[in-house]
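Structural description and commentary
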Amino acid sequence: MKQNIKTIDYEWLTKPTGDPFADTGGYVIRYLWDLYPDKDIDELVEFVTKIYVNDWDAKLNTFFLNSKITQPAFKGDKKISETIKYFDSLIKETGKSETGYCRITGRNAKLFDAGRDNSIMSGSGTFINFHHYLENGLKLSKEALIRMHFVPLGSLLLSGKVALLKSNDEALSYFFVENNIKNNLANIRNGLKEGVVKSEFKNPANAIFDFVQKVITQISTYKTLDGKASLSLYHFTNFGASPEIEIYQLPATVFLFYSYCHKINYKEDWLNFVRSYYSNSKNKGASYNREDETFKVEKKDEIESINYDEYKTWTNRVYNKLLSGQSIVPEFLQWSKKGNVLHFDIIRVYQQNIRNMKKETIDKILELADFIIKDRSEDEIKKLISKLNGASKAQDLRRFLLSLVSENYNKDNKKPIITVKDYTDYLFSDSGNTGELRDVLLIAIYQKMHELNLKVEIPEEIIENVEQ
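Residues numbered from 1 in each chain as written. Predicted model: local features only at pLDDT ≥ 70, side-chain atom pairs only at ≥ 80, totals over all residues. Heavy atoms only, no water.

Considering the packing of helix α13 (residues 329–337) against helix α19 (residues 434–451)
Running from N to C, α13 and α19 point in directions that differ by 30 degrees, and their axes come no closer than 9 Å. Viewed along their axes, α13 and α19 adopt a mutual orientation that is roughly parallel. In this structure, the crossing between α13 and α19 has a hand that is left-handed. Across the interface between the two elements, Val329, Phe332, Leu333, Ser336 and Lys337 of α13 pack against Glu436, Asp439, Val440, Leu442, Ile443, Tyr446 and Gln447 of α19. The residue inventory of the contact of α13 with α19, partitioned by class, reads seven nonpolar, two polar and three charged. (Axes fitted to C-alpha atoms, helices over the stretch in contact; angles between N-to-C directions. Helix = DSSP H or I, 4+ residues; strand = E, 2+ residues; numbered from the N terminus. Parallel < 35°, antiparallel > 145°, perpendicular 65-115°, else oblique. Left-handed = near helix turned anticlockwise from the far one by under 90°. Contact = heavy atoms within 4.5 Å. Nonpolar A, V, L, I, M, F, W, Y, C, P; charged D, E, K, R; others polar.)

Remarks on the sheet that holds strand β4 (residues 156–158)
Strand order in the open sheet made by the four strands is β4-β5-β6-β7, with antiparallel pairing throughout. Strands with a single pairing partner mark the edges of an open sheet, and in this sheet they are β4 and β7 (244–250). Each strand axis lies, on average, 35 degrees off the axis of its neighbour in the sheet, ignoring direction. In this sheet, strand β5 (residues 161–167) lies alongside β4 in antiparallel orientation, the contact comprising three bridges. Looking across to β5, one finds that Leu157 is bridged to Val162. Packing of helix α7 (residues 204–218) onto the sheet brings it into contact with β4, β5, β6 (231–237) and β7, and relative to β6 it is tilted by some 140 degrees. (Pairing = 2+ DSSP bridges.)

Quick notes on the pattern of salt bridges
This structure, assessed with the given rule, holds 37 salt bridges. Residue Glu178 is joined to Lys182 by a salt bridge in which the shortest nitrogen-to-oxygen separation is 3.6 Å. Of the two residues, Glu178 and Lys182 both sit in helix α6 (residues 170–189), four residues apart, roughly one turn of that helix. Salt-bridge contacts for Arg399 lead to Asp396; the nearest nitrogen and oxygen are separated by 3.4 Å. Here Arg399 and its partner Asp396 are both found in helix α17 (residues 394–410), three residues apart, which amounts to about one turn of the helix. On the accessibility criterion, Arg399 (52% relative accessible area) is exposed. Under the relative-accessibility criterion, Asp396 is labelled partly exposed at 22%. (Salt bridge = Lys/Arg side-chain N within 4 Å of Asp/Glu carboxyl O. Buried < 20%, exposed > 50% of the residue type's maximum accessible area, 1.4 Å probe, protein only.)

Shape is all these values report; function is a separate question.
The following block contains the structure:
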């Protein structure tokens, strides 16, 4: 790549900074230099500027407010010439500047004003109280400001707002931006000039898990569960008088759990489970069919089948809960009660790694499930499950488990079913969740019945939350 401009610190045009916007711009520059090694940074600025103006009709209002490109007073080529003129003043350091430490790179360098016209979500001169010492804006180096200009090419639109993704694994951050650049450039080549590429999804949860799906199928490190990454999705608009941003966090534990569920032994069970929880207000009453992995809905006295390519854009309760840190144990239980198979390893990994349930607790739950089912008639199993379903208070669950202790003792079994240590450390410890304990025990019972091909008709009951 060409590096002939002496006033530019080329390393800081692509070096990771931790700032999601500057890093996205840096990844775009890196990609374009691989694509056009004969272009210097001023030529790349001109290249993307012409894309923004000529191909996207200057539709960058979600990124920049009253920039040289979005400024209504400038028309056509004037937008391009004024933008190039501005960046030329940065590169040659002829614009107003001061010496200090850049807020993004941390370098001691010449600093320039950064407002909503040339950076993202940074405030502006209109609201000088947003900045230290009532300055006109943030103080950034020219390299940081140049990087901001490239952000749109590495972005996508999600429900009308910009979506950027940042990971603690730089390879994943680059992978996200690289895909967006390719899609944006492909749209231009194909004559689609509507601006930044639009996501097929309508909500952040689906978009994030679709990205994780791409990662675990396309990047070798993540196919073997060796990669551990967290993700942050920045969903924002810098438009007009209503700039806003929401940040969605996907912890490494959830990323790893999702990857684990796609191992060959568990993938079919997991996909059937998670796909059954898609829903859509326009298709109320649609029910999931495990046989062909479609949703069936009655319309005009006919049964219509909706395939995955269509319903994958619907809201998914499981994805939303995983993203917001809510428990999906109720969904596991509901799925199991319907007689569906779900490998218990999925439950185990979820409980241990995300819900922080002790391994010994899960082992004891499985032992209790065996005890409840073994050598019992259908009626006896049905009564015990109904009793467990009705344990709406912590004291009810304790009483239920203590009844199992008494029964085990009266059978003259040499090994106790629950020891004092089990009771105090693993079942009812101070850090335990009694409601989740009961629900996981119910799941274990249903799954063991499925494995043993036991068909016990359990009446539909509303399972109440257990009072702690």
